[in-house]
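# Working through the structure, step by step
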Amino acid sequence: MNISKICCIGAGYVGGPTMAVIAQKCPQIQVKVVDINQARIDAWNSEDLSALPVYEPGLDAIVGEARGRNLFFSSEVDLAIEEADMVFISVNTPTKTYGEGKGQAADLKWIEKCARQIASASKSNKIVVEKSTLPVRTAEAVKDILDNTGNGYKFQILSNPEFLAEGTAVEDLLDPDRVLIGGDTSTEEGLEAIQALVDVYAHWVPSERILSTNVWSSELSKLTANAFLAQRVSSINSLSELCESTEADIYEVSRAIGKDSRIGPKFLQPSVGFGGSCFQKDILNLVYICRSYGLFEVADYWEQVIKINDHQKGRFAKKIIKSLYNTVSGKKITFLGWAFKKDTNDTRESAAIYVADLLLNEGANIYVYDPKVSEDQMYNDIDYLNTRTKVENRRLLQSEFDPYAACKGAHAIAVLTEWDEFRELDWQKIYDQMQKPCQIFDGRNLLDKQKLEKIGFRVYAIGKSS
Ligand code: NAD
Ligand code: UGA
């Protein structure tokens with residue numbers, strides 16, 4: 001089956017970059033990315049490529065090349081579905097905030113809405129691809145809706161989870177470790193649908209990296225991959241605390257264990273805690289699924305990854321308070337970074353939000369400098385926690401466009417995001433303009449501790465005894 005038109009529902013961090021790369025690599029396929037959020041679509045269509053709604057290194061060039069040729073962004077969802085041979089669902093699947101499973105299960109209302117809309121707008125048979133991260137067996141519900149609410153057309157459901165990481169999305173899409181395609185391997189139509197999607201990726205991904213499995217394995221592999229990755233971060237973070245009490249150095253430990261080829265060196269970077277829209281949500285979802293099957297020990301095992309992460313964020317905030325003589329009330333504290341990692345403007349579940357919340361509870365005045373995050377976004381994030389009034393949040397938290405202004409007069413600086421530019425700051429100038437003793441809390445172990453100590457700073461770095 002030859003695919004000539006693709007529609008992707010959801011123009012977010014996954015839908016936008018993924019479809020831009022498909023369009024760039026397959027100029028003969030028309031790719032339409034649709035979204036109900038008109039402002040987002042307008043931003044994707046913006047002439048100024050620096051105003052795209054998702055910041056990812058290299059993305060502007062790819063969008064610039066393909067947009068208007070075979071890549072289109074639109075809010076006409078029905079029309080794009082009708083035209084397409086293949087429809088990707090790439091909408092958000094956040095943790096439920098209400099009802100049964102509140103705080104753990106994935107909220108699938110947007111997925112159901114898409115399935116119903118695909119069924120009603122279709123005027124031909126289609127392949128429907130789950131790109132969103134979904135609980136295992138969601139395809140069953142999607143198929144039931146498609147088969148029972150449509151106009152008699154046939155649908156094949158594929159699972160094609162996305163493994164890109166933010167900040168390196170373009171690299172990850174252009175050169176993925178693997179592409180995973182789950183489908184109905186028991187029927188000819190199912191195998192044909194899998195092959196149609198394999199053929200799309202085969203334009204640039206070597207065939208040995210394109211894996212096909214049954215749908216359930218594919219859905220579960222996505223949750224499993226994120227759970228394993230997050231577990232590594234929590235493992236190293238848990239040991240960073242032990243290092244601080246024993247004069248072992250977490251970097252030396254991480255390097256030593258990472259040399260074991262069975263362990264490997266990646267994802268052993270200690271930090272103030274992992275953030276991002278997916279690790280926590282996907283593990284909570286895994287925990288919920290396990291409990292719903294009565295697998296309580298398995299659920300408890302994975303839940304511990306989240307508990308350690310919460311503990312890591314909390315102990316970082318407590319360390320700041322304790323080092324500032326047990327009171328931060330009325331003191332200026334500067335945050336370098338608000339995004340959940342460098343090279344992205346995404347702040348979802350960023351450790352910075354939770355550390356800020358704890359310090360604001362103590363009456364601190366926080367000034368934030370982040371090269372890619374707007375002040376409005378910071379207020380949205382902190383207001384969303386509902387810990388205090390909006391007025392109070394605006395009184396206690398501000399953002400600064402200039403890192404030196406952000407640091408001037410501060411009692412302490414906390415590094416929350418590992419933006420490279422923080423290394424290059426004039427630290428002597430910052431030292432001269434701060435309250436003494438000058439304290440730095442490096443939540444990313446980004447800065448040169450020895451160099452800063454030579455200037456006169458007191459430096460706390462995760463997993464290193466001071
Ligand atoms: P996002 O919130 O950035 O984007 C989702 C978009 O879907 C939004 O713009 C929203 O307006 C749109 N939408 C929702 N319902 C719609 C509907 N009925 N019709 C049209 N548009 C609709 O989310 P995201 O970060 O792109 O994540 C999407 C999915 O991909 C999630 O399941 C996530 O777990 C998964 N995922 C995300 C990442 C990542 O790095 N962000 C990586 C891998 C997988
Ligand atoms: C993660 C996975 O890496 C992707 O494969 C997956 O597709 C994606 O989730 C998803 O499903 O959304 P992402 O969250 O974008 O990608 O970024 P990561 O590089 O995984 O970092 C996640 C968090 O862990 C960040 O806050 C990062 O700073 C932190 N981290 C990562 C550490 O603290 N230490 C590390 O060694 C690695």
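Residues numbered from 1 in each chain as written. Chains lettered and ligands numbered in written order. Predicted model: local features only at pLDDT ≥ 70, side-chain atom pairs only at ≥ 80, totals over all residues.

## A few points about the site of ligand 1
Cut-off, in case you're wondering: Throughout this description, a residue near a molecule or strand is one whose C-beta atom, derived from the backbone, lies within 6 Å of it. Here a strand is any run of E in DSSP of at least two residues, a helix any run of H or I of at least four, and the numbering for each starts at the N terminus. The residue classification treats Ala, Val, Leu, Ile, Met, Phe, Trp, Tyr, Cys and Pro as nonpolar and Asp, Glu, Lys and Arg as charged. All others, Gly included, are polar.
Neighbouring ligand 1 are 27 residues; Gly10, Gly12, Tyr13, Ser132 and Thr133 lie closest to it. Among the elements that take part in the shell around ligand 1, helix H5 (residues 109-121) stands out by supplying three residues, more than any other. Residues belonging to the shell around ligand 1 are distributed by class as follows: 12 nonpolar, 10 polar and five charged.

## Side note on the site of ligand 2
In the neighbourhood of ligand 2, 21 residues make up the surrounding shell, with Gln269, Ser271, Phe274, Gly276 and Cys278 lying closest. The leading source of residues in the shell around ligand 2 is helix H9 (residues 215-246), at three residues. Class assignment of the residues belonging to the shell around ligand 2 gives a composition of 11 nonpolar, seven polar and three charged.

## Focus on the pairing of strand E2 (residues 30-34)
Stated precisely, the cut-off is as follows: Counting other C-beta atoms within 10 Å of its own, a residue is labelled buried from 20 upward, exposed at 12 or fewer, and partly exposed in the gap between, with every C-beta atom placed from the backbone. We treat two strands as partners when DSSP finds at least two bridges between them. Handedness of a crossover is defined as follows: orient the strands so they point away from the viewer, and if the path from the first strand over the helix to the second runs clockwise, the crossover is right-handed.
With respect to burial, E2 is a largely interior element, five of its five residues being buried. Alternating positions in E2 separate into two faces, Gln30, Lys32 and Val34 on one and Val31 and Val33 on the other, with burial throughout. Sheet topology note: the strand E1 (residues 5-9)/E2 ladder contains five bridges and is parallel. By the bridge assignment, Ile6 is partnered in E2 with Val31. A crossover connection joins E1 to the parallel E2 through helix H1 (residues 15-25); in handedness this β-α-β unit is right-handed. In this structure, E2 lies alongside strand E3 (residues 71-74), joined through four bridges in parallel fashion. The residue of E3 that forms the bridge with Val34 is Ser74.

## Notes on the sheet that holds strand E10 (residues 365-369)
Rules: As a rule, the C-alpha atoms of each element are fitted with a line to give its axis, helices using only the stretch in contact, and angles between N-to-C directions run from 0 to 180 degrees. Note that contacts rest on C-beta atoms placed from the backbone: two residues are in contact if these are within 7 Å.
Strand order in the open sheet formed by six strands is E11-E10-E9-E12-E13-E14, and the pairing between neighbours is parallel. Every other strand in the sheet has two partners, leaving strand E11 (397-399) and strand E14 (458-461) as the edge strands with one partner each. Neighbouring strand axes in the sheet, compared pairwise and without regard to direction, differ in orientation by 20° on average. In this fold helix H12 (residues 296-323) packs onto strand E9 (332-336), strand E12 (412-415), strand E13 (439-442) and E14, with an angle of close to 170° to the strand it touches most, E13.

## Comments concerning the UniProt feature "domain: UDP-glucose/GDP-mannose dehydrogenase C-terminal" (unreviewed entry) in the protein
Defined as follows: UniProt positions are given in the numbering used here, feature names are shortened, and annotations may be inferred rather than shown by experiment.
If you check UniProt for "domain: UDP-glucose/GDP-mannose dehydrogenase C-terminal" (unreviewed entry), the listed places come out as residues 334-449 in our numbering. Segment residues 334-449 splits into 34% helix and 16% strand. End C-alpha atoms: 18 Å apart.

## Quick word on the nonpolar core
To keep things clear, this is the line we draw: The term nonpolar core refers to a group of buried residues, namely Ala, Val, Leu, Ile, Met, Phe, Trp, Tyr and Cys, whose C-beta atoms join them within 7 Å. Domain ranges listed in this record stem from an automatic or a database domain assignment.
Grouped together as the largest cluster of nonpolar side chains are 137 residues, with contacts concentrated most on Val87, Ile320 and Val355. In terms of residue count, helix H13 (residues 351-361) provides more of this core than any other element does, eight residues in total. Three or more residues apiece are contributed to this core by two domains, here domain 1 (5-205) and domain 2 (214-466).

## Some thoughts on the domain arrangement of the protein
Taken domain by domain, the protein comprises domain 1 (5-205) and domain 2 (214-466). Computed over C-alpha atoms only, the centres of domain 1 and domain 2 are separated by 31 Å. Between domain 1 and domain 2, the contact holds 28 residues from the first and 27 residues from the second. Every element with two or more residues in the side of domain 1 that touches domain 2 is listed here: helix H6 (138-149), strand E6 (155-159) and strand E7 (179-183). Residue contributions to the side of domain 1 that touches domain 2 peak at four residues, all from E7.

## Some remarks on the packing of helix H11 (residues 279-292) against H12
Keep this limit in mind: When an angle is under 35 degrees it counts as roughly parallel; over 145 it counts as roughly antiparallel; between 65 and 115 it counts as roughly perpendicular; any other value is oblique. The sense of a crossing depends on the near helix, which, turned anticlockwise from the far helix by less than a right angle, makes the crossing left-handed and, turned clockwise, makes it right-handed.
Two numbers describe how H11 lies on H12: the axes approach to 8 Å, and their chain directions differ by 165°. It follows that H11 is roughly antiparallel to H12 by the angle criterion. The element H11 and its partner H12 pack so that their crossing is left-handed. Residue-level contacts link Gln280, Ile283, Leu284, Leu286, Val287, Cys290 and Arg291 of H11 to Phe296, Val298, Ala299, Trp302, Glu303, Val305 and Ile306 of H12.

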